[in-house]
Amino acid sequence: MSTAKSVIEMARKQGVKMVDIKFVDTFGSWQHFSVPVRELTAECFDEGMGFDGSSIRGWKSIEASDMLAMPDPATAFVDPFCSVPTLSLTCTIAETGTKEAYNRDPRGIAHRAEKYLQKTGVADAAVFGPEAEFFVFDNVQYDSKANGTFYSVDSAEGIWNMGRDEMPNLGHKIRHKEGYFPVAPSDSFQDLRTEMCLIMEELGVKIERHHHEVATAGQAEIDYRFDTLVKSADAMMVYRYVVKNVASKHGKTATFMPKPLYGDNGSGMHTHQSLWKKSKPLFAGNEYAGLSQMALYYIGGLLKHAPTLCAFCNPTTNSYKRLVPGYEAPVNLAYSSRNRSAAIRIPTYSGSPKARRVEYRPPDPAANPYLAFAAMLMAGLDGIQNKIDPGEPMDKNLYELPPEELAKVPQVPGSLGEALSKLEKDQEFLLKGDVFTADFIEMWISAKRKEVDALRLRPHPFEFSMYYDV
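Cut-off values and rules
Residues numbered from 1 in each chain as written. Predicted model: local features only at pLDDT ≥ 70, side-chain atom pairs only at ≥ 80, totals over all residues. Heavy atoms only, no water. Pairing = 2+ DSSP bridges. Helix = DSSP H or I, 4+ residues; strand = E, 2+ residues; numbered from the N terminus. Core = buried A, V, L, I, M, F, W, Y, C linked by side-chain atoms within 4.5 Å. Buried < 20%, exposed > 50% of the residue type's maximum accessible area, 1.4 Å probe, protein only. Contact = heavy atoms within 4.5 Å. Salt bridge = Lys/Arg side-chain N within 4 Å of Asp/Glu carboxyl O. Patch = residues over 30% accessible without salt bridge, like charges linked within 9 Å, V, L, I, M, F, W, Y side chains within 5 Å. Areas by Shrake-Rupley, 256 points an atom, 1.4 Å probe, with all protein chains shown as cover. Axes fitted to C-alpha atoms, helices over the stretch in contact; angles between N-to-C directions. Parallel < 35°, antiparallel > 145°, perpendicular 65-115°, else oblique. Left-handed = near helix turned anticlockwise from the far one by under 90°. Phe/Tyr/Trp six-rings, centres within 6.5 Å; stacked < 30°, edge-to-face > 60°.

Peer 1: Explanation requested: the pairing of strand 2 (residues 30-36) in the structure shown.
Peer 2: Pairing of strand 1 (residues 18-24) with strand 2 involves 7 bridges; the strand directions are antiparallel. Bridging from a neighbouring strand, Val24 pairs with Trp30 of strand 2. Linking strand 1 to strand 2, which pair antiparallel, is a turn of 5 residues; within it Gly28 sits at a positive phi near 100°.

See the structure below:
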């Protein structure tokens with residue numbers, strides 16, 4: 001769907017009764033309101049649809065709360081999870097009156113990043129291909145009170161249930177760190193993942209593969225085909241929506257929380273990226289691993305600003321339970337060909353210039369994709385514009401380096417608080433072209449500091465194990 005007319009015609013042909021107006025909030029969740037299909041006119045796409053933005057986290061105050069949702073016809077699909085035929089439209093957000101893009105709208109920020117790229121003349125398209133991992137559990141319970149807190153997740157596939165009476169318990173539980181690629185019956189989620197993939201395909205998200213991931217208890221990965229920045233972020237929102245709703249349909253729960261299990265691998269969102277101009281790949285060349293000098297400078301920008309990028313690419317306190325050595329987490333700020341222990345990997349599956357790309361491995365799926373992709377692009381562009389040398393590649397297993405050698409390799413921040421401090425000091429590259437604004441970054445830091453404090457001020461259950469008898 002590329003025009004308002006084609007969307008309206010599709011709605012008519014498919015018997016649509018309602019229209020769901022979706023937009024992404026500051027922190028990466030879809031929000032929505034619905035209107036009868038008669039309200040969907042060509043004018044809606046130009047004039048927008050009004051709503052109250054004062055209750056959206058990090059957005060307007062109540063005295064200036066009127067906002068406009070501007071539907072993008074390219075995002076139209078009939079929602080597969082609604083019992084009544086419902087058309088879904090994703091929107092960018094604009095100010096009333098002027099219709100100027102709202103500077104705190106993540107999708108608007110991603111659009112500005114694309115426009116800034118084109119304005120620089122470096123390239124006309126940035127292509128992103130994220131690999132988001134997630135867990136599927138059978139049950140989750142949690143609570144937090146003044147006098148106690150707990151969480152409990154369960155999965156019939158989890159190794160801790162080897163001795164549970166399941167009448168009968170058939171075994172085939174996946175051990176910690178042994179979930180990568182086993183077939184059924186150990187992998188009990190083949191059909192569930194396939195259903196997710198087929199629904200995404202119906203909605204226009206082109207799937208490349210799916211598989212069980214390393215951790216026990218239903219960790220999974222579904223990869224979809226790369227696309228330009230905003231379109232790839234749009235696809236990630238559809239991805240998360242489908243994964244969660246298919247799981248719910250089958251009486252299960254899916255989470256993109258980076259580290260829900262202690263002692264096993266967390267969920268990442270390795271992000272492949274490259275620049276193109278006039279349909280030609282700009283990252284292919286005769287330098288290291290078949291890269292161009294431009295690609296090496298792009299890597300230099302990613303590595304230089306990696307601690308700052310964590311504020312957007314790893315935006316939760318839980319993110320830093322994953323970013324620790326020992327669980328294949330890319331904590332070491334180095335680059336290498338094929339080497340998955342480095343923060344940046346250059347895939348070598350294909351020798352085609354079109355396949356030459358950079359894989360940035362620190363991000364996790366809790367990230368708002370519009371903000372994360374835009375921030376990574378801005379860091380890479382800063383590397384190109386300032387010819388930032390990434391240094392020598394690290395073609396060693398960084399997890400097995402001697403301590404004295406490993407100490408020379410910089411690492412990602414150890415906490416969200418550290419990442420926010422880096423963002424406070426290193427944000428000029430994000431402000432170029434008004435892609436991010438100082439107002440947005442100030443709001444982001446303030447909101448995320450509250451999350452840091454919320455965890456910092458609460459007693460942790462494990463502290464009782466360690467300290468109750470002091």
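Peer 1: Quick question: what am I supposed to make of the nonpolar core here?
Peer 2: It is characteristic of soluble globular proteins that their nonpolar side chains tend to be buried jointly. If you look at the biggest cluster of nonpolar residues, it comprises 100 residues, and the most contacted ones within it are Met196, Tyr239, Leu275, Leu377 and Phe436. Top element by residues in this core is helix 6 (residues 293-313). It accounts for 13 residues. For Leu377, the contacting residues outside a window of four places in its chain are Ala113, Leu117, Ala126, Phe128, Leu229, Leu275 and Tyr298. Counting 24 residues, the second-largest nonpolar core is a separate cluster that includes Met10, Ile56, Ala69 and Cys91.

Peer 1: I would appreciate a short explanation of the pattern of salt bridges in the present structure.
Peer 2: Enumeration according to the criterion identifies 24 salt bridges in this entry. Glu9 serves as the salt-bridge partner of Arg12, at 2.5 Å between the closest nitrogen and oxygen. Taken together, the positions of Arg12 and Glu9, both in helix 1 (residues 4-13) and 3 residues apart, correspond to about one turn of that helix. Its relative accessible area of 56% is what places Arg12 among the exposed residues. Taking the relative accessible area as the measure of exposure, Glu9 reaches 31% and is therefore partly exposed. With its nearest N and O atoms 2.9 Å apart, the salt bridge here joins Arg361 to Glu359. Glu359 shares its class with Arg361; the two are buried. Beyond isolated ion pairs, a larger network of salt bridges with shared partners links Asp154, Arg164, Glu166 and Lys173.

Peer 1: Looking at this model, I keep getting lost on a nonpolar patch on the surface. Mind explaining?
Peer 2: A cluster of nonpolar side chains, Val140, Tyr142, Tyr151 and Tyr262, forms an exposed patch at the surface whose accessible area comes to about 580 Å². If you trace the backbone, Val140 turns up in strand 8 (residues 139-145).

Peer 1: In this structure, what is going on with the packing of helix 4 (residues 190-202) against helix 5 (residues 229-249)? I would like to understand it.
Peer 2: When two helices pack together, their arrangement is given by the angle between their axes and by how far apart the axes lie. With their axes 9 Å apart at the nearest point, helix 4 and helix 5 run at an angle of 135° to one another. If you check the angle between helix 4 and helix 5, you find them oblique. Along this stretch, helix 4 crosses helix 5, giving a crossing that reads as right-handed. Where helix 4 approaches helix 5, its residues Leu192, Glu195, Met196, Ile199 and Met200 are matched on the opposing element by Tyr239, Val242, Val243, Val246, Ala247 and Lys249.

Peer 1: What's the story with unusual backbone geometry in this structure? I'm lost.
Peer 2: Phi is mostly negative for residues that are not glycine, and the peptide bonds are mostly trans. Across the junction of Met167 and Pro168, the peptide omega takes the value 0°, indicating a cis bond. Counting through the fold element by element, Pro168 comes out in the loop between strand 9 (148-154) and helix 4. Of the consecutive residues Ala184 and Pro185, the connecting peptide bond is found in the cis state with omega at 10°. Within the secondary structure layout, Pro185 lies in the loop between strand 9 and helix 4. Non-glycine residue Met167 carries a positive phi angle of around 45°. Summarising the element assignment, Met167 is placed in the loop between strand 9 and helix 4. Judged by its relative accessible area of 71%, Met167 falls in the exposed class.

Peer 1: Please clarify how the packing of aromatic side chains should be interpreted in this entry.
Peer 2: Two aromatic rings are characterised by how far apart their centres lie and by the angle between their planes. Applying the stated criterion across every chain, the model contains 22 aromatic pairs. Summarising the aromatic geometry, the rings of Tyr224 and Tyr239 are spaced 6.0 Å apart at their centres and angled 55° between planes, so their arrangement reads as tilted. Residue Tyr224 is located in strand 11 (residues 219-224), and its partner Tyr239 is located in helix 5; the two are separated by 15 residues in the primary sequence. The class of Tyr224 is buried, set by a relative accessible area of 4%. On the accessibility criterion, Tyr239 (0% relative accessible area) is buried. Aromatic pair Phe283 and Tyr298: ring centres 5.1 Å apart, planes at 65°, arrangement edge-to-face.

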